[in-house]
Amino acid sequence: MRTPLIAGNFKMFKTAAETAAYVVELRGLLRDVNGVEVVIAPPSTSIQAAAVAAEGSPIGVGAQNIHWEREGAFTGEVSAGMVRAAGARFVIVGHSERRTLFGETNDTVNKKMNAVIAAGMTPIVCIGETLEQRDRNETLAVLDRQITEGLDGVTGEQLAAMVLAYEPVWAIGTGRNATPAQAGEAHFHIRQRLKQWFGLESAEHCRILYGGSVKPDNIAKLITQPDVDGALVGGASLDPKSFLAIIRGAAI
Ligand code: 13P
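Our subject in this report is the structure included herewith.

It is generally the case that most residues other than glycine have a negative phi and that most peptide bonds are trans. Phi is positive for Lys-11, which is not a glycine, with a value near 55 degrees. Within the secondary structure layout, Lys-11 lies in the loop between strand S1 (5-9) and helix H1 (16-29). On the accessibility criterion, Lys-11 (19% relative accessible area) is buried. Backbone geometry at Lys-14 places phi at a positive 85 degrees, although glycine is not the residue there. Relative to the helices and strands, Lys-14 is located in the loop between S1 and H1. Lys-14 gets classed as partly exposed once you look at its relative accessible area, which sits at 25%.

Rendered as structure tokens:
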């Protein structure tokens, strides 16, 4: 049985003080919520404040990106070890905004994912097709390539402990979420491939989140899909009350 996971990707929103206030409010709201794991990924500058405010609560803290090297002359970058020291335990890797706006490839996704694992954190590896790729019927082939190249070298044991996020690019920030059937089909395909490539048991343990315009009013239907194990939430995670409604919608 996989525990559902609801992760909030704050993107470039919220200062350290705003993040701390958010965590204080959310931990109060979560007091009577069970059966679901909760993570927030604020900007790097807010990770430490989030971790301090979340101490002793069930809220896990993640980063949105890291560089794969441990340290060096990489102006503007932060390493896996640095975000871990600030309090992160999860790192989003290969988000489509990183891929399309900042030139990330399956190869850099692979390097970053390995750095996250080496630092003792859990990667949340994002995959998903663009609208053009979906229209050309390439969705499943794109996902296959993102998995084989992005997860190259991963052991079954590592896969079992990691999180994947299926985020169709056309559904991100557009208000146009995938239908439960579309999400279910993609998640089923991903799980089948994971079984094929990493073994049945590891594939059954790996959590696969859906992301793309998840809101309080669509989470309940999405989560009923057997291979949807939670959600990676952008816009609707920024308000603790709407995030709570999504968390409640996913709790078992
Ligand atoms: P929205 O929920 O705002 O569509 O963003 C989804 C996303 O990119 C989460 O990583």
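There's plenty left to go through after this.
The volume enclosed by the largest pocket comes to roughly 580 Å³. It is helix H4 (residues 96-102) that provides the largest number of residues to the lining of the largest pocket, a total of 4 residues. Residues belonging to the lining of the largest pocket are distributed by class as follows: 7 nonpolar, 8 polar and 4 charged. Quantified by volume, the second largest pocket comes out at close to 200 Å³. What lines the second largest pocket is a set of 18 residues, among which Lys-11, Gly-173, Val-233, Gly-234 and Gly-235 lie closest to the centre.

Parameters and conventions
Residues numbered from 1 in each chain as written. Predicted model: local features only at pLDDT ≥ 70, side-chain atom pairs only at ≥ 80, totals over all residues. Heavy atoms only, no water. Helix = DSSP H or I, 4+ residues; strand = E, 2+ residues; numbered from the N terminus. Buried < 20%, exposed > 50% of the residue type's maximum accessible area, 1.4 Å probe, protein only. 1 Å grid on protein atoms, 1.4 Å probe; cavity = no way out; pocket = protein on both sides within 12 Å on 5 of 7 lines; lining within 4 Å. Points joined across faces, edges and corners; volume = space filled by probe spheres on them. Nonpolar A, V, L, I, M, F, W, Y, C, P; charged D, E, K, R; others polar.

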